[in-house]
Amino acid sequence: MPELPEVEALAGYLRERAVGRRVERLEVAAINALKTYDPPPSAVSGRTVIGAGRHGKFLDVLFDGDLHLVVHLARAGWLHYREAFGSTTPLRPGKGPIAVRVRLDDGSGFDLTEAGTQKKLAAYLVTDPAVVPGVAKLGPDALAADLATFAERIRSRRGQVKGVLTDQAVLAGVGNAYSDEILHTAKLSPFAITDRLSDDQVAALHAATRQVLGDAVARSAGQRAAELKGEKRSGLRVHARTGLPCPVCGDTVREVSFADSSLQYCPTCQTGGKPLADRRLSRLVR
Ligand SMILES: [Zn+2]
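Residues numbered from 1 in each chain as written. Predicted model: local features only at pLDDT ≥ 70, side-chain atom pairs only at ≥ 80, totals over all residues. Heavy atoms only, no water.

With an unreviewed UniProt entry as reference, the protein chain is termed Formamidopyrimidine-DNA glycosylase, source organism Micromonospora mirobrigensis. Check the Catalytic activity (unreviewed entry) section of the UniProt entry for the protein chain; it says "Hydrolysis of DNA containing ring-opened 7-methylguanine residues, releasing 2,6-diamino-4-hydroxy-5-(N-methyl)formamidopyrimidine." (UniProt positions renumbered as here; feature names shortened; annotations may be inferred.)

Structure (C-alpha cells):
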C-alpha cells in the first residue's frame, strides 16, 4: 500500500512531469472508483494541471479553476505515468486493472490502476478537497507534526501503539509498513499501550517517525513511479522480512498475523527478547 513517502513521490513526479500540461480527457473505466458525479469527468477536459500534492495518503492533482482530482490508492492501487498511450480509443468500462486514465496534450498521461479483485481505490472530483470524507477526518501530517502535537495526538487515543499510529484521524500518512519500521527504530513493542508510554518513549517515537518517513521521502524523491515500489522495499528493516535477520541486532524478525494483515518486529530490539503472542497461531495449535 502506498503510504506518505510513496504518495509524496508520486505527487513530486506529477509536479515535474504533468504540471503545465493541458488535459485532453479524463476517462473512468472503473465506475465504482469515482465517488463523485458533480462536476462530471468531462469537466476536466481542457483544464491545465497546475499542481500536485497530498493529504496524508491521499494524492491531490490540481487543475486550473479550482478543480481537484483526489485519489486514495488503497491497498493495491498505483499511479502509472505513460509517456504515450498505444491507442486514442477511450477505455471500456470494467476491463482490466485501469480505473481512471488522464490523457494530456503532449500524448502522455497517467493511469490510476488497482490490482486484484478487492476494488477499494477511490477517486473524487471536487472543488474543495476538504469535502472528501477521508480527507476531512485526517489528523495532523505525521511527518510535519512537532513533538508537542505528536505527543498530544498519540495520547489522544488509548490503544496499542501500532493501531494508534496508523489511525489516520490521529496522525495522517502512516500505514502498515512504515509503522513497523517506525516502531522498530523507536524500539517499542507494537502492542505497547499509548497512555502508558513515558515521555522519553513518545519522544523516541516522534524522532523515529520523522527519521523513517524523512529517509523514505528522500530516497524516493525523483524516482519514477515505476521504481518506487522497489525503492520502498529496499529500505525496510523489519516489515515484510519475517524470518530474516534484523539488520540492527541479528535476531530473527518475527510476525504476528491478523485476519487480513500482519505485522513484523524484532524481539531483541522491541520486546525485551520475548516473542509476541500470535493469536491466529495459538488458536490453531490449541
Ligand atoms: Zn533487532
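A.B. asks: For this particular structure, what's the right way to read the packing of helix H5 (residues 176-185) against helix H6 (residues 199-220)?
C.D. replies: Where H5 contacts H6, the axes come no closer than 8 Å and their chain directions differ by 130°. On the basis of their axis angle, the class for H5 and H6 is oblique. Regarding H5 and H6, the two cross each other, and that crossing is right-handed. Taken together, the residues of H6 that come into contact with H5 (itself represented by Tyr178, Glu181, Ile182, Leu183 and Thr185) are Leu205, Ala208, Thr209, Gln211, Val212, Leu213 and Ala216. Partitioned by chemical class, the residues of the contact of H5 with H6 number eight nonpolar, three polar and one charged. (Axes fitted to C-alpha atoms, helices over the stretch in contact; angles between N-to-C directions. Helix = DSSP H or I, 4+ residues; strand = E, 2+ residues; numbered from the N terminus. Parallel < 35°, antiparallel > 145°, perpendicular 65-115°, else oblique. Left-handed = near helix turned anticlockwise from the far one by under 90°. Contact = heavy atoms within 4.5 Å. Nonpolar A, V, L, I, M, F, W, Y, C, P; charged D, E, K, R; others polar.)

A.B. asks: Can you help me understand the coordination of the zinc ion in this one?
C.D. replies: Any two of four tetrahedral donors ideally make an angle of 109.5 degrees at the metal, while pairs among six octahedral donors ideally make 90 or 180 degrees. Every protein donor of the zinc ion is listed here as Cys246 (SG), Cys249 (SG), Cys266 (SG) and Cys269 (SG), and their distances to the metal cover 2.2 to 2.3 Å. If you look at the zinc ion, its four donor atoms make angles of 96 to 116° with each other, and the shape they trace is tetrahedral. Sequence spacing of the donor residues for the zinc ion, all on one chain, is C-x2-C-x16-C-x2-C. With a gap of 17 residues between them, Cys249 in the loop between helix H7 (228-234) and strand E9 (254-257) and Cys266 in the loop between strand E10 (262-265) and helix H8 (267-270) connect regions that are remote in the sequence. Take Cys249: its relative accessible area is 35%, and that puts it in the partly exposed class. Judged by its relative accessible area of 0%, Cys266 is buried. (Donors = N, O, S within 2.8 Å, 3.2 Å for Na, K, Ca; no water. Tetrahedral: all angles 85-135°; square planar, octahedral: opposite > 155°, others 65-115°. Buried < 20%, exposed > 50% of the residue type's maximum accessible area, 1.4 Å probe, protein only.)

A.B. asks: Help me understand the sheet that holds strand E2 (residues 49-55), please; the structure alone is not making it clear to me.
C.D. replies: Backbone-to-backbone hydrogen bonds join strands into a sheet, with any given pair of strands oriented parallel or antiparallel. Pairing in this open sheet of four strands is antiparallel, and the strands run E2-E3-E4-E8 from one edge to the other. Of all the strands in the sheet, the pair left with one neighbour each is E2 and strand E8 (122-126). Averaged over all neighbouring strand pairs, the angle between strand axes comes to 15°, with direction disregarded. For strand E3 (residues 58-63) and strand E4 (residues 67-72), the ladder comprises six bridges, and the chain directions are antiparallel. What sits directly across from Phe58, in E4, is His72. Along the sheet, helix H1 (residues 4-17) makes contact with E2 and E3, crossing E2 at roughly 175°. (Pairing = 2+ DSSP bridges.)

A.B. asks: Is there a simple way to think about H6 in this case?
C.D. replies: The periodicity of an α-helix, 3.6 residues per turn, causes residues three or four places apart in sequence to face the same way. Over its 22 residues, H6 runs 31 Å from end to end, which matches the ideal 32 Å to within 8%, given 1.5 Å per residue. Among the residues making up H6, those that are buried are Val202, Leu205, His206, Ala208, Thr209, Val212, Leu213, Ala216 and Ser220. End-on, the buried residues of H6 take up no more than an arc of 165°, which puts them together on one face. Opposite its buried face, H6 presents the exposed residues Asp199, Asp200 and Ala218, each directed more than 90 degrees away. Of the surrounding secondary structure, the elements contacted by the buried residues of H6 are H1, helix H3 (147-154), helix H4 (161-165), H5 and H7. Immediately beyond the C-terminal end of H6, within one or two residues, lies Gly222, with a positive phi of roughly 80°. (Expected span 1.5 Å × (residues − 1). Arc of directions from axis to C-beta.)

A.B. asks: Just to check I follow, could you spell out the domain arrangement of the protein chain for this structure?
C.D. replies: Where interface size is given, it is often the accessible area lost as the parts come together that is meant. Entries for the protein chain in the domain assignment read domain 1 (4-136) and domain 2 (147-285). Between domain 1 and domain 2, the residue contacts involve 13 residues of the former and 18 residues of the latter. In total, about 1,400 Å² of surface goes out of reach between domain 1 and domain 2, with carbon and sulfur atoms giving 65% of it. On the domain 1 side of the interface with domain 2, the three residues burying the most area are Pro5, Glu6 and Trp78, jointly 36% of the side's total. (Domains from an automatic or database assignment. Buried area = accessible area lost by both parts, 1.4 Å probe.)

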